[in-house]
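Each chain, written out:
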Amino acid sequence: MGSTNLDNLWVLGLASKYKSLTSQNAILVFGSFLMAWLALALCYWAYPGGPAWGRYLWKRSKKSKAIPGPRGFPVIGSLNLMVNLAHHKLAAAAEWCGAKRLMAFSVGETRFIVTSDPNVAKEILNSSVFADRPVKESAYGLMFHRAIGFAPYGVYWRTLRRIAATHMFCPKQINATEGQRSEIATQMVSMIACNPGDFPVRDILKRASLSNMMCSVFGQNYNLATFSTETQELSQLVSEGYDILGKLNWSDHLPWLAGFDLQKIKSRCSTLVPRVNQFVNRIIQEHKEAQTSDQRNHDFVDVLLSLDGPDKLSDKDMIAVLWEMIFRGTDTVAVLIEWILARMVLHPDIQSKVHEELDRVVGRSRAFKESDIQSMVYLQAIVKEVLRVHPPGPLLSWARLAIEDTTVDGYHVPAGTTAMVNMWSITRDPQVWSDPQEFMPERFVSKSKEDADFSVLGSDLRLAPFGSGRRTCPGKNLGLTTATFWVGTLLHEFEWVKSDHTPVDLSEVLKLSCEMENPLTVKANPRRTLVSLGISSSFLSPLNALHGDIGILSPYAAAVLFSKSDNTEELLRLIPCICTKDVYLVSLTSIQEQCFSLPVCDMNVHLPLERELCPFDLTSITSTTTQMVFGDTVTIALMAARNLTRDEYSTNHLVGSDRQVSYFQGQTVSKWVGGNWSPDEITAEQIEQELMRQVVDGKDRKVTFDDFPYYLRLCGGSRLWVSVPVGFEVGCRVGLGGW
Ligand code: HEM
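Residues numbered from 1 in each chain as written. Predicted model: local features only at pLDDT ≥ 70, side-chain atom pairs only at ≥ 80, totals over all residues. Heavy atoms only, no water.

Stated formally: UniProt positions are given in the numbering used here, feature names are shortened, and annotations may be inferred rather than shown by experiment.
In the Cofactor (unreviewed entry) part of its UniProt record, the chain is described as follows: "heme".

As structure tokens, this is what we get:
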């Protein structure tokens, strides 16, 4: 600021020389001003690092070694480096200037330094001089200067960090909220299971993250599937805030533009803030009322309301702190999980390895738990490797500001300089990481104990995606635990495969976090289909099996092949490979014209088909329905064969509640009797008994639809002919399943 005033005085001084001139010479005066201003701008611009550094160095009496860096353009400096993928552009500029350790550049009147070196990064982030954040108009506009992230370094900021560390981020509190994360994971799994084909996963992840934060901060539980209007409103507030805060605001660096609000940032902030105030204030008031009645003390709002003495926050400050928690905790976790799933789809071999680890550590008969994480070395390595190649904050999200003059890497850095760490560039530096472009989770498991114990929490600046030092991310343990647990669950429950239509695109877009530019579209095949019965099973796509997934089949496994025609090319190619595995082979077909597979299968189930319901006899409506019904039939038979009690089933089943048991029965029953099934018409127990009779005792019997009146309404006269005993070995592994 001081330097700007001096400039003005200089120019005014020049103007005073012309005060006696008449208006005819106005053009001359203006031209002189312009020339003087241009000459000065060019002088400043001539310095390494561009105009802002030039202005400082020009006036500094004590000469010091200049930090190397691009000059950019006169006046605006290197503004172009900070738009779009700034981390890529800064890395390229540093390489070009030979300034990877420390590079200076200017954006308008702001002096920047940036490092792509882990040692210099440590020097900056761990120095108390860089414990402040640079002023951002949008952060002020959105009240964040009264929350942790942008509060100036001092007593207020320290108080907020202490409160958050004690009541929200300490290990005890993180453990106490495990149930909540687990419930949300279950809801995610249910939502994903409803998508048999391609689907974009981002919306589900964002809903889950937002729901998790709303639960921790506001104490409110929401169902992911039925997003309430309140949650939708908050989701919009968060994404609008993200968009505003993620934008490079020209007037932060060219203050003379501030009055124009060219990017509409000021006006967007002033529209958003009243909405945020109203939303959060309503929740605070609800908590105040509830507190007087039942003295609750559950969530972060209650914690803030219970503060007393010097820690007590005004309602306005409380809104800022609560809003920031929701804001910061939502997108970061969702963005990270989306990158992890994208990598799993692109690297099926790595996904298979983590599946193997899940089978070994967890097994298929139960859900993944948070306590499993510590035994899941490979899963943790995957998360670290994704943080390395796709750090959600490649420039560590929010920069640091030098509070006073200091020295970095031997260079003088004046107070008021903004410092950044290009973490993205460090993690891709071949001098820091071997084969940095390769996606190799093994680097965190194989070589030495040091690799396996590598901490991403800020002690080693070769990979510090959560920052380091005084202003390190306070939510790092919570964020990492949530992301690892949810990824573990999603991988345990599903095999993630490429969409048939939308390829995985690793292009990035840098907003406040660095997201996938094109949201990930995937297919999720359930891995634990019969698992709720306590049987290890998984669905195996024949094409993926041919590409290596067949490794999941071990001797004594049973493989069930579903094919309408017994002539499906990929299945026929697969059969000889399966035969070498000593696997019990079962075929399930509806048309047996050529019978390629029958001779080699140990058991053949024929579900004859007279015709498809499709008027053109093309779409496989009847045959697939018949196969599904058969699958349900076998499932129920297996329940009896295993003597599964209702309680056992509830503990195995995804949600593990009575509601789910009746849903399962209801779903099956309505399939048989048609959509208008009424519970009074027929009981689930009756149907179960009937199925037991037909299937368990079905050896050598010919069961027709006449025996099964409930089928007739759906399947229109096709005959179901069960020609095999359903005597599955209890505890066998079932591959190539699908009901
Ligand atoms: C994958 C998840 C996350 C990532 C990658 C991440 C990353 C970061 C980074 C790089 C910083 C800047 C650190 C620095 O300047 O050294 C930061 C700051 C911060 N993060 Fe996180 N974060 C994550 C999750 C969370 C969560 C879950 C919360 C809270 C609920 C949170 C709250 C904050 C806050 C309040 C700050 C500002 C700290 C300060 O200025 O004192 N973050 N985060």
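Some words on the site of the ligand
Short version of the rule: Residues are classed as near a molecule or strand on a simple rule: at least one heavy atom within 4 Å of it. As used in this structure description, the phrase polar contact means that two N or O atoms lie within 3.5 Å; if the pair is within protein, one of them must be able to donate a hydrogen and the other to accept it, and residues adjacent in sequence are counted only when both atoms belong to side chains. Cavity: a set of points on a 1 Å grid over the protein atoms alone where a 1.4 Å probe fits but cannot get out. Pocket: an open set with protein on both sides within 12 Å along at least five of seven lines, its lining residues, like those of a cavity, having an atom within 4 Å of a point. What decides whether a molecule sits in a cavity or pocket is whether more than half of its atoms lie within 2 Å of the grid points. In this text, helices come from DSSP runs of H or I with a minimum length of four residues, and strands from runs of E with a minimum of two, each type numbered from the N-terminal end. Residues are grouped as follows: nonpolar covers Ala, Val, Leu, Ile, Met, Phe, Trp, Tyr, Cys and Pro; charged covers Asp, Glu, Lys and Arg; every other residue, Gly included, is treated as polar.
Every one of the 27 residues lining the ligand counts as a neighbour, but R133, R161, R400, R471 and C473 are closest to it. The contact in question runs from an oxygen atom of the ligand to an N or O atom on the side chain of R400, over 2.7 Å. At 3.3 Å, a backbone N or O of S468 approaches an oxygen atom of the ligand. For the ligand, the cavity whose grid points lie within 2 Å of the majority of its atoms is the largest cavity. Every element with two or more residues in the shell around the ligand is listed here: α7 (155-169) and α15 (315-346). Its residues assigned to classes, the shell around the ligand comprises 13 nonpolar, eight polar and six charged.

Brief notes about the pairing of strand β13 (residues 584-589)
Under the convention used in this document: For each residue, the accessible area found with a 1.4 Å probe, counting protein chains only, is set against the maximum for its type, and the residue is called buried under 20%, exposed over 50%, and partly exposed in between. Any two strands are treated as partners once DSSP identifies two or more bridges connecting them.
Most of β13 is tucked away, with five of its six residues classed as buried. Sheet topology places strand β12 (residues 558-562) next to β13; five bridges connect them, and they run parallel. Along β13, the bridge assignment pairs A559 with L585. Both β13 and strand β14 (residues 603-606) contribute to a ladder of four bridges, which runs parallel.

Details of the pattern of salt bridges
Put simply, the test is: Only one rule defines a salt bridge in this text: a Lys or Arg side-chain nitrogen within 4 Å of an Asp or Glu carboxyl oxygen.
Applying the stated criterion across every chain, the model contains 28 salt bridges. We note a salt bridge from D409 to R101, for which the minimum N-O separation is 2.9 Å. Of this pair, D409 sits in the loop between β5 (406-408) and β6 (411-413) while R101 is found in the loop between α4 (86-97) and β1 (103-107), placing the two residues 308 residues apart along the sequence. Relative accessible area serves as the criterion here: at 39%, R101 is assigned to the partly exposed category. D243 is the salt-bridge partner of R268, the closest N and O atoms lying 2.8 Å from each other. One end of the pair, R268, is in helix α13 (residues 265-294); the other, D243, is in helix α11 (residues 229-246), with 25 residues separating them in the sequence. A cluster of three or more residues bridged by salt bridges with shared partners is formed by R202, K206, D331, E338, K511 and E515.

Quick notes on the sheet that holds strand β4 (residues 400-401)
Put simply, the test is: By definition in these notes, contact holds between two residues if any of their heavy atoms fall within 4.5 Å. Here an angle of 0 to 180 degrees is reported between the N-to-C directions of two axes, which are lines fitted to C-alpha atoms, with helices fitted over the stretch in contact.
Strand order in the open sheet made by the four strands is β1-β2-β7-β4, with mixed pairing throughout. Strand pairing shows two members of the sheet lacking a second neighbour, β1 and β4, which therefore form its edges. One ladder, built from five bridges, connects β1 with strand β2 (residues 110-115); its direction is antiparallel. Considered in β2, the bridge of M103 is made with V114. The sheet strands contacting helix α5 (residues 118-125) are β2, β4 and β7 (418-421), and the helix crosses β2 at an angle near 130°.

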